[in-house]
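Chain by chain, the residues:
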Amino acid sequence: MKYTIKKSVFKTAAIVFISFILNVNLSYSYVWHNGAGSSYAGSGAESAKSSNTIEIYLIEAGGFYLNADAGVQKLLAMVELYDLRGVDYTELKNVLTDAAGNIEKTIETYNNLINTAEITPYNEPVLNKLKAFDYKGFMVENALNSVIFTRVEDFLKKGDITGLFKKVRGNLKEIDGMLKTIHEKVSLNEMPQISALWSLNEKFSNLSLFGSYTARVFSAVL
């Protein structure tokens, strides 16, 4: 009897685990481009596998990106307090190195994501929902930044999800270059120009909003 119960419990757990693996596309990253993997499907097991892989890449990239953003915010806090506390250049370099490393991982993950997306058919029912979505009403209702939200709309309304990913990768490469320039300055034990820090902060802010707005639309559509 005990053996039968144990066998039944094991079987149930195995089914739950397998179901989780097969339906991993239902587990989205929450704040940065979540749900965009649902735009890909097509027919057949391979296409379904690719769609799940895209969503996994989005989750991984989101984690790397948010860690990089946290590092940059720590950098900015250290600079903000410079006049009161001074600065430890070794710590500053370590923070920059960590942030740059996470951005590089984000770019690498997006390269894999885009390569997969380019060979995976789109999910037409999802694209039709994106095309019919009330973007203007949604923007007004949620008091979103019109400039950034319009950029999101341009990609989603056309069903160009892969193009959206490529746009994000381009922005990530710009951030990577900015971090390396700032790192060179700090490596000489010199404070970076405040204008460079402003630009870095603004680039992160805009890209974060772009990803957040994308997530909002997919959440509403799905």
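About the thresholds
- Residues numbered from 1 in each chain as written.
- Predicted model: local features only at pLDDT ≥ 70, side-chain atom pairs only at ≥ 80, totals over all residues.
- Heavy atoms only, no water.
- pLDDT = per-residue confidence, 0-100.
- Contact = heavy atoms within 4.5 Å.
- Axes fitted to C-alpha atoms, helices over the stretch in contact; angles between N-to-C directions.
- Helix = DSSP H or I, 4+ residues; strand = E, 2+ residues; numbered from the N terminus.
- Parallel < 35°, antiparallel > 145°, perpendicular 65-115°, else oblique.
- Left-handed = near helix turned anticlockwise from the far one by under 90°.
- Nonpolar A, V, L, I, M, F, W, Y, C, P; charged D, E, K, R; others polar.
- Expected span 1.5 Å × (residues − 1).
- Buried < 20%, exposed > 50% of the residue type's maximum accessible area, 1.4 Å probe, protein only.
- Core = buried A, V, L, I, M, F, W, Y, C linked by side-chain atoms within 4.5 Å.
- Phe/Tyr/Trp six-rings, centres within 6.5 Å; stacked < 30°, edge-to-face > 60°.
- Lys NZ or Arg CZ within 6 Å of the ring centre and 35° of its normal.
- Polar contact = N/O pair within 3.5 Å; in protein donor to acceptor, adjacent residues only side chain to side chain.
- Salt bridge = Lys/Arg side-chain N within 4 Å of Asp/Glu carboxyl O.

### Describing the confidence of the model for the protein
With 82% of its residues at a pLDDT of at least 70, the protein reaches an overall mean of 86. Across residues 1-29, where pLDDT falls below 50, the model places 18 contacts with residues more than four positions away in sequence or in other chains.

### Re the packing of helix H8 (residues 161-187) against helix H9 (residues 194-221)
Packed helices, taken two at a time, are described by the angle their axes make and the gap between the axes. H9 packs onto H8 with a crossing angle of 160° between their chain directions and a minimal axis gap of 10 Å. Overall, the two elements H8 and H9 adopt an arrangement that is roughly antiparallel. Crossing of H8 against H9: the hand is left-handed. Here Ile161, Leu164, Lys167, Val168, Asn171, Leu172, Glu174, Ile175, Met178, Leu179 and Ile182 of H8 come into contact with H9, specifically with Ala196, Leu197, Ser199, Leu200, Lys203, Phe204, Leu207, Phe210, Thr214 and Phe218. Class assignment of the residues belonging to the contact of H8 with H9 gives a composition of 15 nonpolar, 3 polar and 3 charged.

### Let's talk about H9
End to end, H9 covers 41 Å across 28 residues, agreeing with the expected 40 Å (1.5 Å per residue, within 8%). Looking only at H9, the buried set comprises Leu197, Leu200, Phe204, Leu207, Phe210, Gly211, Tyr213, Thr214, Ala215, Val217, Phe218 and Val221.

### Focus on unusual backbone geometry
For Ala143, which is not a glycine, the phi torsion comes out positive at approximately 50°. Tracing the backbone shows Ala143 in the loop between helix H6 (135-141) and helix H7 (146-158). Positive phi is not limited to glycine here, since Asn189 has a value of about 60°. Classification of Asn189 as partly exposed rests on a relative accessible area of 45%.

### Let's talk about the nonpolar core
Among the nonpolar cores identified, the biggest contains 59 residues, and Leu130 and Phe165 are the most heavily contacted of them. When contributions to this core are tallied by element, the ones reaching two or more residues are helix H2 (45-80), helix H4 (89-117), helix H5 (124-132), H6, H7, H8 and H9. Here this core takes 12 residues from H4, the largest share from any one element. Look past the residues within four positions of Leu130 in its chain and what remains in contact with it is Ser39, Tyr135, Leu156, Lys157, Ile161, Val217, Phe218 and Val221.

### Observations regarding the packing of aromatic side chains
Aromatic ring pairs are reported here in terms of the distance separating the ring centres and the angle at which the planes meet. On inspection of all chains with the given rule, the structure shows 12 aromatic pairs. An aromatic cluster of at least three residues, connected via ring pairs, comprises Trp32, Tyr40, Tyr65, Tyr110, Tyr122, Phe165 and Phe204. Positioned above the aromatic ring of Phe210 is the side chain of Lys167, whose terminal nitrogen or guanidinium carbon lies 4.0 Å from the ring centre.

### Things to note about H8
Taking 1.5 Å of rise per residue, the 27 residues of H8 would be expected to cover 39 Å, and the 39 Å separating its terminal C-alpha atoms lies within 8% of that figure. You can read the cap of H8 off the contacts: a side-chain oxygen lies 2.9 Å from the backbone nitrogen of Gly163, and it is on Asp160. Backbone geometry just downstream of H8 places Asn189 in the positive-phi region, at approximately 60°.

### Structural notes on the environment of Glu104
Structurally, Glu104 is set in helix H4. On the basis of relative accessibility, which here comes to 40%, the residue Glu104 falls in the partly exposed class. Sequence spacing of Glu104 and Lys173 is 69 residues, and the spatial spacing of their C-alpha atoms is 8.3 Å. Residues contacting Glu104, with those up to four places away along its chain left out, are Asp176 and Lys180.

### Describing the pattern of salt bridges
Enumeration over the complete set of coordinates arrives at 6 salt bridges. Between Lys166 and Glu118 there is a salt bridge, with its nearest N and O atoms 2.8 Å apart. With a gap of 48 residues between them, Lys166 in helix H8 and Glu118 in the loop between H4 and H5 connect regions that are remote in the sequence. A residue is classified by how much of its surface remains accessible, and Lys166, at 36% relative accessible area, is partly exposed. Between Lys185 and Glu190 there is a salt bridge, and its shortest N-O distance comes to 3.3 Å. The class of Glu190 is partly exposed, set by a relative accessible area of 36%. Salt bridges sharing partners connect three or more residues here, namely Glu104, Asp176 and Lys180.

### Section: the environment of Leu200
Its location among the elements puts Leu200 in helix H9. Judged by its relative accessible area of 0%, Leu200 is buried. Once the C-alpha coordinates of Leu200 and Leu76 are considered, the two residues, 124 residues apart in sequence, prove to be 9.7 Å apart. Not counting the four nearest positions on each side in its chain, Leu200 is found in contact with Val72, Leu75, Ile175, Met178, Leu179 and Ile182.

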